[in-house]
Amino acid sequence: MFKLSKLTIVILLGFITVTYNACSEIEPIFSGDRSQKLEGNDGGTIVGNPLQERALGFARYQTTNSGAETFARLCISQVVFEKSDTLEDHVFDVGLVDIDPDGTMIGDFQLGDGSYNQVRLIIDSSCETSSSVVLSNPSGQYQSVEDMELRFRGPILVSNHTHLSLNIQGLMEELSGVSNFELIDEIFESFIGDVELEVNDDDDDDDDDDDDD
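Only a predicted model underlies this, so the values are computations on that prediction, with no experimental measurement involved.

What counts, and where the lines are drawn
Throughout this description, residue numbers start from 1 for each chain and increase along the sequence as written. With the structure being a predicted model, the display of local features is reserved for residues of pLDDT at least 70 and the display and counting of side-chain atom pairs for 80 or more, all residues being used for whole-chain, interface and lining totals. The side-chain values count all of the structure's non-hydrogen atoms but skip hydrogen atoms and water molecules. Each helix corresponds to a stretch of at least 4 residues labelled H or I by DSSP, and each strand to a stretch of at least 2 residues labelled E; elements are numbered beginning at the N terminus. Contact between two residues is taken to exist if any of their heavy atoms lie within 4.5 Å; hydrogens are not considered. Method for areas: the Shrake-Rupley scheme with a 1.4 Å probe, in which residue coverage is limited to the protein chains shown. In this description, the term disulfide denotes a pair of cysteine sulfurs within 2.5 Å. Any two of the Phe, Tyr and Trp rings considered here, Trp counted by its six-membered ring, make a pair once their centres fall within 6.5 Å; the pair's planes then place it as stacked at under 30 degrees, edge-to-face at over 60, or tilted in between. Here's how the labels work: a residue is buried when its accessible area is under 20% of the maximum for its type, exposed when over 50%, partly exposed in between, all with a 1.4 Å probe on protein chains only. Our definition puts a charge over a ring when NZ of Lys or CZ of Arg is within 6 Å of the ring centre and also within 35 degrees of the ring normal. To obtain the arc, one takes the directions from the helix axis to the C-beta atoms. Think of a salt bridge as a Lys or Arg side-chain nitrogen and an Asp or Glu carboxyl oxygen that are within 4 Å of each other. Should DSSP find at least two bridges between two strands, the strands are regarded as paired.

Time to look at the overall build of the protein. Of regular secondary structure, the protein possesses four helices and twelve strands. Intrachain contacts of the protein at a sequence separation of at least 6 include 75% that bridge at least 24 residues. For the protein, the exposed surface amounts to about 12,700 Å²; the carbon and sulfur share of it is 49%.

Following this line, the structure appears as structure tokens:
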């Protein structure tokens, strides 16, 4: 066995103390929350993939030829764009959205190019209406305060100059026959829609101008 000098012991103790303090200051990159929330839908940059503004909305629909169309008002607390790597999900706050047969704009969101697995709309009663869904159809008006989701499956390939249009034809056809508010959340939860990618007409005009030059 060998003996350590007092100087050696002091140096070792100092090294251990510094190492412990440095490690204790390290925080986990993801502390249980697997999504990143972009407050106010502001832009930002993911390494290697700059974010760009994308438009999201509901596509046109028609549920009747008699003129008694079906409308809905949704309290969309959040819209979630899910990627294959869930650590890169994007979550945005929304609010009240009125669904119209001629199509409805939900908002512009900062998204990076890539493939998304699905878009989820989180619907609850947090808006000033205190209802999650207000439905008006040929049978009358119905409200729900239940929390629910609308899901639109992919893969959804987002690239430059694209608008994301959520197809709700089947959903609105189901809602047009509702005669009891208790059916609303069942229809929403069972519905799975698809997403159509549309090119912005303004972007086409810009491209044409570039070609003319």
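Inspection of every chain in the model, using the stated rule, returns one disulfide. A sulfur-sulfur separation of 2.1 Å characterises the disulfide bridge that pairs Cys75 with Cys127. Across the S-S bond of Cys75 and Cys127 the torsion is about 85°, and the bridge reads as right-handed. In this pair, Cys75 sits in strand E4 (residues 71–83) while Cys127 sits in the loop between strand E7 (114–123) and strand E8 (133–137), placing the two residues 52 residues apart along the sequence.

Another point: the packing of aromatic side chains. Throughout the structure, instances matching the rule amount to five aromatic pairs. When the centroid spacing of 4.9 Å and the interplanar angle of 45° are considered together, the rings of Phe92 and Phe109 count as tilted. Separated by 17 residues along the polypeptide, Phe92 in strand E5 (residues 89–99) and Phe109 in strand E6 (residues 104–112) bring together distant segments of the chain. Note on Phe92: relative accessible area 0%, which makes it buried. Ring pairing ties together the aromatic residues Phe81, Phe92, Phe109 and Tyr116, which thus form one cluster. Against the face of Tyr116 rests Lys83, its NZ or CZ located 5.2 Å from the ring centre.

Bringing helix H3 (residues 182–190) into the picture now. Within the span of H3, buried status applies to Ile184, Ile187 and Phe188. An end-on view of H3 places all buried positions within 95° of arc, on one side of the element. Away from its buried face by more than 90 degrees, H3 exposes Glu186 and Ser190. On its buried face, H3 is in contact with E4, E7, E8, strand E9 (140–144), strand E10 (148–158) and helix H2 (169–175).

With that settled, consider the pattern of salt bridges. Applying the stated criterion to the full structure yields four salt bridges. Two residues, Asp113 and Arg54, come together in a salt bridge whose shortest N-O distance is 2.3 Å. With a gap of 59 residues between them, Asp113 in the loop between E6 and E7 and Arg54 in strand E3 (residues 49–58) connect regions that are remote in the sequence. The class for Arg54 is buried, based on a relative accessible area of 2%. Across the salt bridge formed by Arg120 and Glu82, the nearest N and O atoms sit 2.6 Å from each other.

This part is about the pairing of E4. Burial analysis of E4 places ten of its 13 residues in the buried class, which makes it a mostly covered element. Of the pairings in the sheet, the one linking E4 to E8 comprises four bridges and is antiparallel in character. Bridge pairing links Phe71 to Ser136 in E8. Bridge count between E4 and E5: nine bridges; the pairing is antiparallel. Its bridge partner being in E5, Val79 is matched across the sheet by Phe92. Across seven bridges, E4 lies against E7 in antiparallel orientation. Bridge pairing links Val80 to Arg120 in E7.

Turning next to unusual backbone geometry. Negative phi values dominate among residues other than glycine, just as trans dominates among peptide bonds. Its identity is not glycine, yet Ser130 carries a phi of approximately 65°, on the positive side. Position of Ser130 relative to the elements: it lies in the loop between E7 and E8. In this structure Ser130 comes out as partly exposed when scored by relative accessible area, which is 47%.

Remember that the coordinates give geometry; whether it matters functionally is a separate question.
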